[in-house]
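Summary of structural features
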Amino acid sequence: MSEIHKFLFNGLPVRGCVVRLTDAWVEILRRRASGNSQAAYAEPVQNLLGEMVAAAVLMQSNIKFNGALVLQIMGDGPVKLAVVEVQPDLAFRATATVLGEVAQDSRMSQLVNVNNLGKCAITLDPKSRFPGQQAYQGVVPLFGDRHEKLERLSDVLEHYMLQSEQLDTTLVLAADGRVAAGLLIQRLPLEGVNNLAGSVVSQANEDEIGVNEHYQRIAILASSLKRDELLNLDVETILRRLFWEEQLTLFSPAPGDAAPRFACSCSRERVGRMILGLVLQEANSILAERPEIEVGCEFCGVHYRFDPIDVTHLFKTGAGLQA
Ligand SMILES: [Zn+2]
């Protein structure tokens, strides 16, 4: 079963979260492999997308935000786009668009950052928006301070967290065809006595970046976690091996807490609305060439089919609704 556990280091300004996605991750790969229009992911693509899924679930569970978190890589190599979307209840979906050959031993830069033009975007899309409100989006490049190509997704995201949240974060990510897993360690922002003293608090927080000795020690321990261990050990064993000298409180999920799971938010109704975006003439010209309009969901592989009777009905009732 897929699972997620949060923990705190007693008395220290450091928190952590570990996620292991098994059934939910395998379901995404199975749907992709059984789709008739797209081929199964090459191993390096699969592993990158799995790391993105683990990271996005960690990030969503770590923020107090009522909306979808979308982690995207817009690549300039064979992987043009990789997208993971995680809902507040940790339901998630993921897909990658691959054009061209992927070598078996491709590194991240060979997949998405051939010309150093790849980008990573994190979008927070609130569930209910007031008029004019935009989704929040942060974008970071896939290179480091000296424009060197980064080869680990965790380095890209640590950069992002430091830039956008002013928070020291350590991420360890790993994925294969069975498991997508991740460990996140984060320094807690300093708490102010007075919420109005925002500037004072953030100055104190900035002074702590990269220097808090407890965080530094725990971050080094976390970074020693090997890919093999993260993929194969259970959560308690991982935490015991890494932090046996630390005082740690592991929170077990409350009975009502949802576990991370695969779910796609596509629907026939949404696809219908998309078809209504065409004018009737366009819809009819598609139907002149083939028996139905078929729209496949890239995330879950479901195909929605609308024959001429469906389309006529759609434009009648849809037009009625819009009037
Ligand atoms: Zn879908």
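Residues numbered from 1 in each chain as written. Predicted model: local features only at pLDDT ≥ 70, side-chain atom pairs only at ≥ 80, totals over all residues.

Re the overall build of the protein chain
For the record, the criterion: Helix and strand assignments come from DSSP, with helices taken as H or I runs of at least 4 residues and strands as E runs of at least 2, each series counted from the N terminus. Our exposure labels follow a C-beta count within 10 Å of each residue's own C-beta, placed from the backbone: buried means 20 or more other C-beta atoms, exposed means 12 or fewer, and partly exposed covers the counts in between. We call two residues in contact whenever the C-beta atoms placed from their backbones are within 7 Å.
From N to C terminus, the protein chain includes eleven helices and 13 strands. Expressed as a percentage of the 323 residues in the protein chain, the buried residues total 31%. If you take every contact in the protein chain between residues at least 6 apart in sequence, the share linking residues at least 24 apart comes to 63%.

Structural notes on the sheet that holds strand S6 (residues 119-126)
Note: strands within a sheet are paired through backbone hydrogen bonds, in either parallel or antiparallel orientation. Defined as follows: At least two DSSP bridges between two strands are needed for those strands to be called paired.
Taking strand neighbours across the sheet as the criterion, the six strands line up as S7-S6-S3-S4-S5-S11 in an open arrangement whose pairing is mixed. Strands with a single pairing partner mark the edges of an open sheet, and in this sheet they are strand S7 (136-141) and strand S11 (261-262). For strand S5 (residues 91-98) and S11, the ladder comprises two bridges, and the chain directions are parallel. If you follow Phe-92 over to S11, its bridge partner there is Phe-262.

Some remarks on unusual backbone geometry
Even without being a glycine, Asn-116 presents a positive backbone phi close to 60°. With respect to the helices, strands and loops of the structure, Asn-116 is situated in the loop between helix H3 (108-112) and S6. One non-glycine residue, His-147, lies in the positive phi region at around 65°. By the secondary structure assignment, His-147 is in the loop between S7 and helix H4 (153-165).

As for the domain arrangement of the protein chain
How we decide: Domain delimitation in this document rests on an assignment produced automatically or drawn from a domain database.
As assigned here, the protein chain comprises domain 1 (3-262) and domain 2 (268-322). Taking only C-alpha atoms into account, the centre of domain 1 sits 37 Å from that of domain 2. With seven residues of domain 1 in contact, the opposing surface of domain 2 contributes five residues. Here the element with the most residues in the side of domain 1 that touches domain 2 is helix H1 (residues 23-34); it accounts for three residues.

Description of the pairing of S6
Here strand S3 (residues 67-74) pairs with S6 via eight bridges, running antiparallel. Bridge pairing links Gly-67 to Pro-126 in S6. Pairing of S6 with S7 involves six bridges; the strand directions are antiparallel. Paired with Leu-124 across the two strands is Tyr-136, which belongs to S7.

Thoughts on the nonpolar core
Condition: Nonpolar cores are built from buried Ala, Val, Leu, Ile, Met, Phe, Trp, Tyr and Cys residues. These are joined into a set through C-beta atoms within 7 Å.
Ranked by internal contacts, the top residues of the largest apolar core, which has 63 residues, are Met-52, Val-53, Ala-54, Ala-55, Ala-56 and Val-57. By residue number, the principal contributor to this core is helix H2 (residues 43-62), which donates eleven residues. The contacts of Val-53, once residues within four sequence positions are left out, are Leu-21, Trp-25, Val-84, Phe-92, Ala-94 and Ala-180. The next biggest cluster of nonpolar side chains, apart from the first, holds seven residues, and it includes Val-271, Ile-275, Ala-283 and Val-311.

Section: the sheet that holds strand S8 (residues 169-175)
We count it as follows: With axes taken as lines fitted to C-alpha atoms, and helix axes fitted only over the stretch in contact, angles between N-to-C directions fall between 0 and 180 degrees.
As summarised here, the arrangement of the five strands in space is S8-S9-S2-S1-S10, forming an open sheet in which the pairing is antiparallel. The open sheet has two edge strands with one neighbour each: S8 and strand S10 (248-251). Adjacent strand axes in the sheet meet at a mean angle of 15° when their direction is disregarded. In this structure, strand S1 (residues 3-9) lies alongside strand S2 (residues 14-21), joined through six bridges in antiparallel fashion. Bridge pairing links Ile-4 to Val-19 in S2.

Notes on the confidence of the model for the protein chain
Counted only if it meets this: Confidence scores here are pLDDT values: one per residue, from the predictor, ranging 0 to 100.
Per-residue confidence for the protein chain gives a mean pLDDT of 89, with 93% of residues at or over 70. Averaged pLDDT values over the elements of the protein chain bottom out at 59 in helix H5 (residues 198-208) and peak at 98 in H3. Considering only residues more than four positions removed or in separate chains, one finds that residues 192-200, a stretch of pLDDT under 50, has three contacts.

Topic: the environment of Gln-163
Along the polypeptide, Gln-163 turns up in helix H4. Taking the C-alpha atoms as reference points, Gln-163 and Val-79, 84 residues apart in sequence, are found 25 Å from one another.

As for the environment of Gln-216
With respect to the helices and strands, Gln-216 occurs in helix H6 (residues 213-223). Sequence spacing of Gln-216 and Leu-248 is 32 residues, and the spatial spacing of their C-alpha atoms is 16 Å.

Here we look at the environment of Lys-119
Mapped onto the fold, Lys-119 is located in strand S6. Looking at Lys-119, the number of C-beta atoms within 10 Å reads 16, which means it is partly exposed. Placed 23 residues apart in sequence, Lys-119 and Leu-142 show a C-alpha to C-alpha distance of 5.7 Å. Once you skip the residues sitting within four places of it in the chain, Lys-119 turns out to touch Met-74, Val-139, Pro-141 and Leu-142.

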